[in-house]
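Secondary and tertiary structure notes
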Amino acid sequence: MNAGSKTTHYLSVVVPVYNSESSLPDLIKRLGPTLASLSSKYEVVLVNDGSRDQSWKVIQELARSNDWVRGINLMRNYGQHNALLCGIRSAKFSTLVTMDDDLQHPPEEIHKLLAKLDEGFEVVYGYPEEKQHGFLRNLASMLTKLALQKSMGADTARHISAFRAFRTQAREAFASYHSPFISIDVVLTWATTRFVAIQVRHDPRQKGTSNYTFGMLFRHAMNMMTGFSTLPLQLANLMGFLCTIFGGLVLVFVVVRYIFQGTTVAGFPFLASIISIFSGAQLLALGIMGEYLARMHFRMMERPTYTVRREPGSDDEAKP
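Residues numbered from 1 in each chain as written. Predicted model: local features only at pLDDT ≥ 70, side-chain atom pairs only at ≥ 80, totals over all residues. Heavy atoms only, no water.

1. Some points on the overall build of the chain
Counting secondary structure elements, the chain contains nine helices and eight strands. For the chain, buried positions account for 46% of its 320 residues. Within the chain, contacts between residues at least 6 apart in sequence are counted, and of these 83% link residues at least 24 apart. (Helix = DSSP H or I, 4+ residues; strand = E, 2+ residues; numbered from the N terminus. Buried < 20%, exposed > 50% of the residue type's maximum accessible area, 1.4 Å probe, protein only. Contact = heavy atoms within 4.5 Å.)

Right, dumping it as structure tokens:
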């Protein structure tokens, strides 16, 4: 399929927005002709995730100027995946494309994702030919993808990207999901296993700086591990088993030494080391269980995944 040939897809493009007032006009300017060449019906849903700049004002202006642009304004910053979930649930058409707001995902590459969908896949990722980030950011991304691979159980997790296309009907698998912790890539596995990743062009960020830091990506990885996988509990169980074996071997060593040499193991450092090993293992296991209890606590509180302030055209749009 060429970039200029129209498909049978009706397209909804969802873009989470955070402090991107300078890049949004260029994004819409490039999305317009691209989507018009791909589909006869399309829309762009811009979800303002509590931006601290004038992003919402820009979104309102773009929505007034383009009838295929819609905006959603969240009450506060909930995070990229929470904003994506909001936009995905609001999407009207049969095929969904998600992308970032910083023009690193070229709109002109969307046709490659759609072509792969037409081959029978349900979720298609477009990953970069070359990484555009620094060492620490790439390291954090690698940790996140390793966590995703364990949570998703799919090799494609190594090439996941915010630039993705999938069938809108997949959202039915997580329609009732209401936890404050969300990973779009994990919940998509609840709907299908037909994933694929292809290389696409990624451009350098033209304006502003990335909102993702090493710490944020690390926390996201931990949220995925404890929110969608039992692997940490299994590791804690394995650690306890290994510590038990180690303790048994130490006991055998002490007894054999006493029998054959008539002396016990002397020295405070030996005793302190053993106590430290077992105490550390116990505290780590308790910490892991505490993370799971915290997730259960927040879910029982029924904290919202997101809260919408307003949309252009809604009844309260005219209110201050």
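2. Some details on unusual backbone geometry
Residues apart from glycine generally show negative phi values, whereas peptide bonds are mostly found in trans. Located in the positive-phi region is Asn19, a residue other than glycine, with phi close to 55°. Following the sequence through the fold, Asn19 ends up in the loop between strand E1 (11-17) and helix H1 (24-38). Among the residues examined, Asn19 registers a relative accessible area of 23% and is labelled partly exposed. Phi at Leu103 takes a positive value of approximately 70°, unusual for a residue other than glycine. Along the chain, the position of Leu103 falls in the loop between strand E4 (95-98) and helix H4 (110-117).

3. A look at H1
Compared with the 21 Å implied by 1.5 Å per residue over 15 residues, the 21 Å span of H1 between its first and last C-alpha is a close match. Burial in H1 covers these residues: Leu24, Leu27, Ile28, Leu31, Gly32, Thr34, Leu35, Ser37 and Leu38. Tucked into the core, H1 has its buried residues touching E1, strand E2 (42-48), helix H2 (55-65), strand E3 (69-74) and H4. (Expected span 1.5 Å × (residues − 1).)

4. Details of the environment of Ser20
The residue Ser20 is located in the loop between E1 and H1 in this model. Classification of Ser20 by relative accessible area gives buried; the value is 3%. For the pair Ser20 and Ser55, spaced 35 residues apart in the sequence, the C-alpha separation amounts to 5.8 Å. Among all residues touching Ser20, those that are not within four sequence positions of it are Asp53, Ser55 and Asp101.

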